[in-house]
Amino acid sequence: MIKHAVEANFDGLVGPTHNYAGLSWGNVASKANVNAVSNPKEAALQGLAKMKRLADRGYAQGLLPPHERPHIPSLRALGFGGTDAQVLEQAAKSAPSILAAISSASSMWTANAATVSPSADTTDHRVHFTPANLGAKFHRSIEHSVTGRTLKSIFADEGYFAHHPALPSVSHFGDEGAANHTRLCGGYGGPGVELFVYGKVAFNEQAPAPQKYPARQTLEASQAIARLHGLKNENLVFAQQNPEAIDAGVFHNDVIAVGNGNTLFYHDMAFLDEEQVLSDIRMRLIDAELEAVRVNSAEVSLEDAVASYLFNSQLLNTPDGMLLAVPGECREVASVSRYLDNLLATGGPITSVEVFDVKHSMRNGGGPACLRLRVVLNDEELQAMHRGVMLTDELYERLTTWVEAHYRDQLALEDLADPMLLDEVRKALDELTGILGLGSIYDFQI
């Protein structure tokens, strides 16, 4: 029996140490803004405003809390000792790059938090979660343990939800989460096609692979997650991302393609074998015909797609078709702005475009789609989850007040060594877990 279900979005709340350290090789925007002074308060309020705007439209909107940063346990594991203040001082003097890495607020991009398979696709009919190991980047590889605790706290009922540990943190099983995974379906509550996009085949050195930038997702990782989640072959498509796109700065598939329902919106350089990918999806998609919205390079170059993050947009159902929620930069790149105007005139599945201001995230290389983890939940599962993280008018007001009270409006890289910042962060996060009702999820609380 097909149950009624919704696709809930869980956005990452921008953390108090939001900064521009340029940690992500292969992410063009991250490198372009290195060493700029950040404004964590404005960034967090901007993210909350995005969530509120979608919640006001009637979408199921939740949030995931930021992680504890700077992460002192990571510094201690690397040999820095003494009091917390002494650990920070030592790291700042002898390893400032490591200090920057363990201070990153990158958990805000929850598209990388995990891969999620809805109960309609899994053999045990539970929603399955696997936190991403994010092993390609040190500053992100330290996220999965707290991500796992957070997801278990929110989705605690084992009758409805299943949780797996992150895959082994080695390059052969590099996993970047839902940024390289999308689900296509006739209806959220029915069986869907889970599209896993990978950058390389780890155990085959002869297979196509990018030459300039690293491929962060492997086929082997995607296959392992499909096995863990109990997905059937008839629900699966594995597709290789075009290596040329990765070398152009498309570090995740969600920078070059986005799907929702029966619609796949993608650039013609997205996949290594485009025709095969579309054929495989069409063969497996039941109860609906695939709507493939293809953007040609002649209309929008790969360079403009990366500069604007056109495809790192949210594709959302509306009563009159689909809404494409784009970053403001899409209206600043001429070819992309023209394309969007023409797109609405075609009469296709995408019937409206709305601009969202997420410039603080964009400066570090993350658009609207990077900021959210999609979780399909039927009505029973929606009631079984912890509701304290679902955005309401009251929670929005409490969170904006909390941000105003605890966040700095200016943060330079040298501020990361300030022990007062660590105290501020811990006090803020301790209060936040109380507001959200999550219990003890951070190392300093445990």
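Structure shown above.
This one's a predicted model, so the numbers in the text were calculated from it and none came from an experiment.

## Concerning the overall build of the protein chain
Secondary structure assignment for the protein chain yields 16 helices and 15 strands. Relative to the globule expectation of 22 Å for 446 residues, the C-alpha radius of gyration of the protein chain, 21 Å, shows essentially globular dimensions. C-alpha atoms of the protein chain, sized along the principal axes, occupy 60 × 45 × 45 Å. Taken across its 446 residues, the protein chain has 61% of its residues classed as buried. Restricting to contacts in the protein chain with at least 6 residues of sequence separation, those with at least 24 account for 76%. Taken as a whole, the protein chain presents about 16800 Å² of accessible surface, with 49% of it coming from carbon and sulfur.

## Focus on the sheet that holds strand S7 (residues 192-198)
Read from one edge of the open sheet, 3 strands run S6-S7-S8, paired in mixed fashion. A single partner strand is all that each edge strand has here, and the edge strands are strand S6 (181-185) and strand S8 (236-240). Each strand of the sheet is rotated relative to its neighbour by a mean of 25°, with strand direction disregarded. Note that S7 and S8 share 5 bridges and pair parallel. Across the sheet, the residue bridging to Leu195 is Val237, located in S8.

## Some thoughts on the side chain of Gln314
Along the chain, the position of Gln314 falls in strand S12 (residues 314-318). Separated by 2.6 Å, the side chains of Gln314 and Lys50 make a polar contact. Other than its neighbours up to four places away in sequence, Gln314 contacts Asn9, Lys50, Leu54, Leu323, Leu324, Ala325, Pro368, Ala369 and Arg372.

## Remarks on the packing of aromatic side chains
Counted by the stated rule, this structure contains 12 aromatic pairs. The rings of Phe10, Phe129, Phe155, Tyr160 and Phe161 are connected pair by pair, giving a single aromatic cluster. Sitting over the face of the ring of Tyr396, Lys52 holds its NZ or CZ atom 5.4 Å from the ring centroid. Across the ring face of Phe356, the terminal group of Arg53 is positioned such that the distance to the ring centre comes to 3.8 Å.

## A closer look at the pairing of strand S15 (residues 372-378)
In terms of burial, S15 is a largely internal element, 7 of the 7 residues being buried. Burial along S15 is two-sided: Arg372, Arg374, Val376 and Asn378 facing one way and Leu373, Val375 and Leu377 facing the other are all buried. In the sheet, strand S1 (residues 5-12) pairs with S15 via 7 bridges, with the strands oriented antiparallel. Paired with Ala5 across the two strands is Asn378, which belongs to S15.

## Details of the pairing of strand S13 (residues 321-327)
Of all 7 residues in S13, 6 are buried; the element is thus mostly enclosed. Where S12 lies against S13, 5 bridges are found, and the strand directions are antiparallel. Bridged to Thr318 within S13 is Gly321. A crossover connection joins S13 to the parallel strand S14 (residues 350-356) through helix H12 (residues 334-344); in handedness this β-α-β unit is right-handed.

What counts as what
- Residues numbered from 1 in each chain as written.
- Predicted model: local features only at pLDDT ≥ 70, side-chain atom pairs only at ≥ 80, totals over all residues.
- Heavy atoms only, no water.
- Helix = DSSP H or I, 4+ residues; strand = E, 2+ residues; numbered from the N terminus.
- Rg over C-alpha atoms; globule rule 2.2 N^0.38 Å.
- Buried < 20%, exposed > 50% of the residue type's maximum accessible area, 1.4 Å probe, protein only.
- Contact = heavy atoms within 4.5 Å.
- Areas by Shrake-Rupley, 256 points an atom, 1.4 Å probe, with all protein chains shown as cover.
- Pairing = 2+ DSSP bridges.
- Axes fitted to C-alpha atoms, helices over the stretch in contact; angles between N-to-C directions.
- Polar contact = N/O pair within 3.5 Å; in protein donor to acceptor, adjacent residues only side chain to side chain.
- Phe/Tyr/Trp six-rings, centres within 6.5 Å; stacked < 30°, edge-to-face > 60°.
- Lys NZ or Arg CZ within 6 Å of the ring centre and 35° of its normal.
- Right-handed = clockwise from strand over helix to strand, strands pointing away.

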